[in-house]
Amino acid sequence: MDQPAPPPDDLARLMPGQRLQRGVARALRQFDFVCIEELVPTPGLRVDVMALGPKGEVWIVECKSSRADFRADQKWQGYLEWCDRFFWAVGGDFPVELLPDGSGLMLADAYDAEIIRMSPETPLAPARRKVMLQKFARHAASRLHAYRDPGVAGLIV
């Protein structure tokens, strides 16, 4: 009996920033990090990728697909107080000289990413770390619930 073919890797449905998110999440698995996309640490902020490391490290990665996307982002400095390390993830043709010094840099595509510049570490306070770990867990559980029971997706906030 023939096995069904796996579903196609349909990248066409993804926006450019989502392709970068995918590559970042794939790359960070090599370092035993797990990732959540589009997490809200506090009202008014939504990070592209939050990564949780094996020792409880919290990294935030902002994915910028173009110069215009970067220039439109007026909130990125608000993310710094919600993570131990902050990175930008951009494609190979992005003008990296636009990115501020003192932050991490990843070059990414839909399949992988490479850390070009490690972000300086600014450890979270224990109470803030607890909040972020709880947000991460609840967000992941909500996503899994919506995946397993699509009819509940509209009820999850």
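Residues numbered from 1 in each chain as written. Predicted model: local features only at pLDDT ≥ 70, side-chain atom pairs only at ≥ 80, totals over all residues. Heavy atoms only, no water.

Q: Account for the pattern of salt bridges, naming residues and giving values.
A: All chains considered together, the criterion is met by 7 salt bridges. Two residues, Asp84 and Arg129, come together in a salt bridge whose shortest N-O distance is 2.7 Å. Residue Asp84 is located in the loop between helix 2 (67–72) and strand 4 (85–90), and its partner Arg129 is located in helix 3 (residues 126–148); the two are separated by 45 residues in the primary sequence. Asp84 gets classed as buried once you look at its relative accessible area, which sits at 3%. (Salt bridge = Lys/Arg side-chain N within 4 Å of Asp/Glu carboxyl O. Helix = DSSP H or I, 4+ residues; strand = E, 2+ residues; numbered from the N terminus. Buried < 20%, exposed > 50% of the residue type's maximum accessible area, 1.4 Å probe, protein only.)

Q: With reference to specific residues and values, describe unusual backbone geometry.
A: One non-glycine residue, Asp32, lies in positive phi territory at about 70°. Position of Asp32 relative to the elements: it lies in the loop between helix 1 (16–29) and strand 1 (34–39). On the basis of relative accessibility, which here comes to 45%, the residue Asp32 falls in the partly exposed class. If you check the backbone angles, Glu38 has positive phi at about 60° while not being a glycine. In this structure, Glu38 sits in strand 1. Exposure remark for Glu38: the relative accessible area of 25% places this residue in the partly exposed category.

Q: So what about helix 3? Which residues, and what values?
A: With 23 residues, helix 3 should cover 33 Å at 1.5 Å per step; its first-to-last C-alpha distance of 33 Å lies within 8% of that length. What helix 3 keeps buried is the set Met132, Phe136 and His139. Of the surrounding elements, those touching the buried residues of helix 3 are strand 1, strand 2 (47–52) and strand 3 (58–64). (Expected span 1.5 Å × (residues − 1). Contact = heavy atoms within 4.5 Å.)

Q: Lay out the sheet that holds strand 4 with the relevant residues and their values.
A: Strands pair in a sheet through their backbones, by hydrogen bonds, and they do so in one of two ways: parallel or antiparallel. If you trace the 6 strands from one edge of the open sheet to the other, you get 1-2-3-4-5-6, paired in mixed fashion. Whereas interior strands pair on both sides, the edge strands pair on one side only; in this sheet they are strand 1 and strand 6 (113–117). In this sheet, adjacent strand axes meet at a mean angle of 30° when their direction is disregarded. Bridge count between strand 2 and strand 3: 4 bridges; the pairing is antiparallel. What sits directly across from Val49, in strand 3, is Val61. With respect to the sheet, helix 1 is in contact with strand 1, strand 2, strand 3, strand 4, strand 5 (104–108) and strand 6, its orientation differing from that of strand 3 by roughly 145°. (Pairing = 2+ DSSP bridges. Axes fitted to C-alpha atoms, helices over the stretch in contact; angles between N-to-C directions.)

Don't take any of this as a statement about function, it's just geometry.
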